[in-house]
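# Structure at a glance
Chain by chain, the residues:
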Amino acid sequence: MPLNILIVGAGVCGPALATLLQHADPRHTITVVERASSLRKAGQQLDVKAQGLPILEKMGLRGTIRPLLVAETGMQFVDAKGKSLAEFGVTGGGKRNYSLSTDREIMRSDLVNMLGERGSLKYEFGKSIIELSQDDGGVDVKLSSGETGRYDLVVAADGQGSRTRRLAWGVEASAAAFHSLGIHTAYFSIPRAEGEGGMAKWFNASESRAVLIRNGDRPMTQVYLFARNNAELFRQAYKEPLAKQKDAFRKAYSGAGWEVDRFLGAMDDCDDFYAHEAGQIKIDPLYKSRVVLVGDAGYCPAPFTGMGTTLSLIGSYVLAGELAKHKNDIGPALQAYSEVVRSPVDEYQRLPPATINAMFPSSKFGVWLLQNAAWALAGLKVDQLVHRFLPAENVNGRWPIPEYAELNLPVP
Ligand SMILES: Cc1cc2nc3c(=O)[nH]c(=O)nc-3n(C[C@H](O)[C@H](O)[C@H](O)COP(=O)(O)OP(=O)(O)OC[C@H]3O[C@@H](n4cnc5c(N)ncnc54)[C@H](O)[C@@H]3O)c2cc1C
């Protein structure tokens, strides 16, 4: 039997899942509700490494995605005067680790556009889910618009702070699933200055602050602020309008050095500011009767892993695949989905605390040590040695993408 499915969230995995489900069984009735008034295309570069790109290619997007990949030439560590201290190249071939810059990066706007503007899917913008209850036969949902509906399946694709997860699992269990890394992150775009482009630049300031800028071949400069301080200031600001969130980052970055004042000055005029507390979502199993979590809502690995988008594509593909394989029998399909994605989720959520501590030194001496370590590693070409000598499965990710003939995907 075809299903009446509600997908909450039209970020990356919502539209990807909707497309795959529609392809597998065109008789499904699929509704995607999105809180924003249109596809939310804000955001900077996203990695589609390891299994990410092959899944997009399985969806028939090979020709579309390749020209959209960002041409970045590597990453420099810079000091407060902007002098390059260490340079690392690009990790090629979809390998998942050992460099912050890869040849499998795409602007979030391009990816959301590509996935969200395909097919004949029904999107309901400017609406979010406010009530949810379920029984053996279905899920009753009320939307912020006042509309109500009953669905066979509700998919939470509404990101790290998923309200659907909160409604289905309860406030406490949902909050307990969030494991903060204690890093507050802002992303925004500013006009590109002369000489910017090619290599991304990473700058550490004292008091556990870091700044990344990158352009690749793009006309705007992407700014990323990472602060591992002022937790209460930020948590309060996230409840306030964007202007207050910008104020919090301005305050936390006062006196950081390098060109940070220029970035903060331009932040007021940007139209794509996005800030959040970076963390991981850990919950198992990934479903509660007929409500299922996909992407960041169920297993956000945190931006520092660079695997969030890949995991959300894996999740969309496996969920659609298991539903098709189980002939839309929801119970066994959701159980299989939850079990199959566990291995890549666990692998890509592995983030040793020492890595985070090392990336955000608090004292000036700690910054000096980190910069010298980067200089030594770059000088010894350690990143290249790791690529050359580690077996491919250790760097590509060990998990083989399952084949689902039932998805009726185009043969490449
Ligand atoms: C605006 C934005 C900018 C981002 N920028 C970056 C970035 O620069 N770098 C990076 O690494 N990651 C970024 N991310 C996160 C990144 O997109 C995800 O980690 C990853 O791609 C997995 O995608 P997802 O579809 O699971 O979640 P997301 O991409 O977060 O998508 C979730 C979607 O659900 C919608 N939504 C949320 N709550 C509700 C609700 N109650 N009802 C209906 N819809 C709802 C959101 O508006 C969003 O469109 C950004 C996310 C967003 C939303």
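Per an unreviewed UniProt entry, the recorded name for the protein is FAD-binding domain-containing protein, and the organism is Apiospora kogelbergensis. One UniProt comment on the protein, placed under Pathway (unreviewed entry), says "Secondary metabolite biosynthesis."

Around the ligand sit 28 residues, and of these Cys-13, Glu-34, Gln-44, Arg-108 and Asp-296 come closest. Measuring from an oxygen atom of the ligand, one finds a backbone N or O atom of Cys-13 at 2.9 Å. Within the side chain of Arg-108, one N or O atom sits 2.7 Å away from an oxygen atom of the ligand. When contributions to the shell around the ligand are tallied by element, the ones reaching two or more residues are strand E2 (29–34) and helix H11 (308–325). The element best represented in the shell around the ligand is H11, accounting for 3 residues. Within the shell around the ligand, the residues separate by chemical class into 10 nonpolar, 10 polar and 8 charged.

A few words now on the packing of aromatic side chains. This model, assessed by the stated rule, comprises 18 aromatic pairs. Taken together, a centroid distance of 5.7 Å and an interplanar angle of 10° make the contact between Tyr-123 and Phe-125 stacked. Among the residues examined, Tyr-123 registers a relative accessible area of 18% and is labelled buried. The rings of Phe-77, Phe-88, Tyr-187, Trp-202, Tyr-224, Phe-226, Tyr-274, Phe-304 and Phe-360 are connected pair by pair, giving a single aromatic cluster.

Residues Phe-365, Trp-368 and Leu-369 make up a contiguous nonpolar surface patch of roughly 360 Å² in combined accessible area. Along the chain, Leu-369 falls in helix H15 (residues 364–379). Judged by relative accessible area, Leu-369 falls into the partly exposed class, the value being 44%.

Taken in spatial order, the 7 strands line up as E5-E4-E13-E14-E15-E12-E16 in an open sheet, and their pairing is mixed. Both edges of this open sheet fall to strand E5 (84–88) and strand E16 (274–281), since each of them pairs with a single strand only. Averaged over all pairs of adjacent strands, the angle between their axes in this sheet comes to 25°, without regard to strand direction. Examined bridge by bridge, strand E4 (residues 74–78) and strand E13 (residues 199–205) share 5 bridges and lie parallel to one another. Bridged to Phe-77 within E13 is Trp-202. Contacts from helix H8 (residues 242–252) reach strand E12 (178–191), strand E14 (209–214), strand E15 (220–227) and E16 within the one sheet, and its direction differs from that of E12 by about 95°. Its contacts with the sheet place H15 against E4, E5 and E13, and it is angled at close to 45° to E5.

With that out of the way, let us pick up H11. Every α-helical turn comprises 3.6 residues, leaving residues that sit three or four positions apart pointing alike. In this model, H11 (18 residues) spans 25 Å end to end at C-alpha, consistent with the 26 Å of a helix rising 1.5 Å per residue. Counting buried residues in H11 gives 17 out of 18 residues, a clear majority hidden from the surface. Backbone geometry just after H11 places Lys-327 at a positive phi near 50°.

Cut-offs used in this document
- Residues numbered from 1 in each chain as written.
- Predicted model: local features only at pLDDT ≥ 70, side-chain atom pairs only at ≥ 80, totals over all residues.
- Heavy atoms only, no water.
- UniProt positions renumbered as here; feature names shortened; annotations may be inferred.
- Near = heavy atom within 4 Å.
- Polar contact = N/O pair within 3.5 Å; in protein donor to acceptor, adjacent residues only side chain to side chain.
- Helix = DSSP H or I, 4+ residues; strand = E, 2+ residues; numbered from the N terminus.
- Nonpolar A, V, L, I, M, F, W, Y, C, P; charged D, E, K, R; others polar.
- Phe/Tyr/Trp six-rings, centres within 6.5 Å; stacked < 30°, edge-to-face > 60°.
- Buried < 20%, exposed > 50% of the residue type's maximum accessible area, 1.4 Å probe, protein only.
- Patch = residues over 30% accessible without salt bridge, like charges linked within 9 Å, V, L, I, M, F, W, Y side chains within 5 Å.
- Areas by Shrake-Rupley, 256 points an atom, 1.4 Å probe, with all protein chains shown as cover.
- Salt bridge = Lys/Arg side-chain N within 4 Å of Asp/Glu carboxyl O.
- Pairing = 2+ DSSP bridges.
- Axes fitted to C-alpha atoms, helices over the stretch in contact; angles between N-to-C directions.
- Contact = heavy atoms within 4.5 Å.
- Expected span 1.5 Å × (residues − 1).

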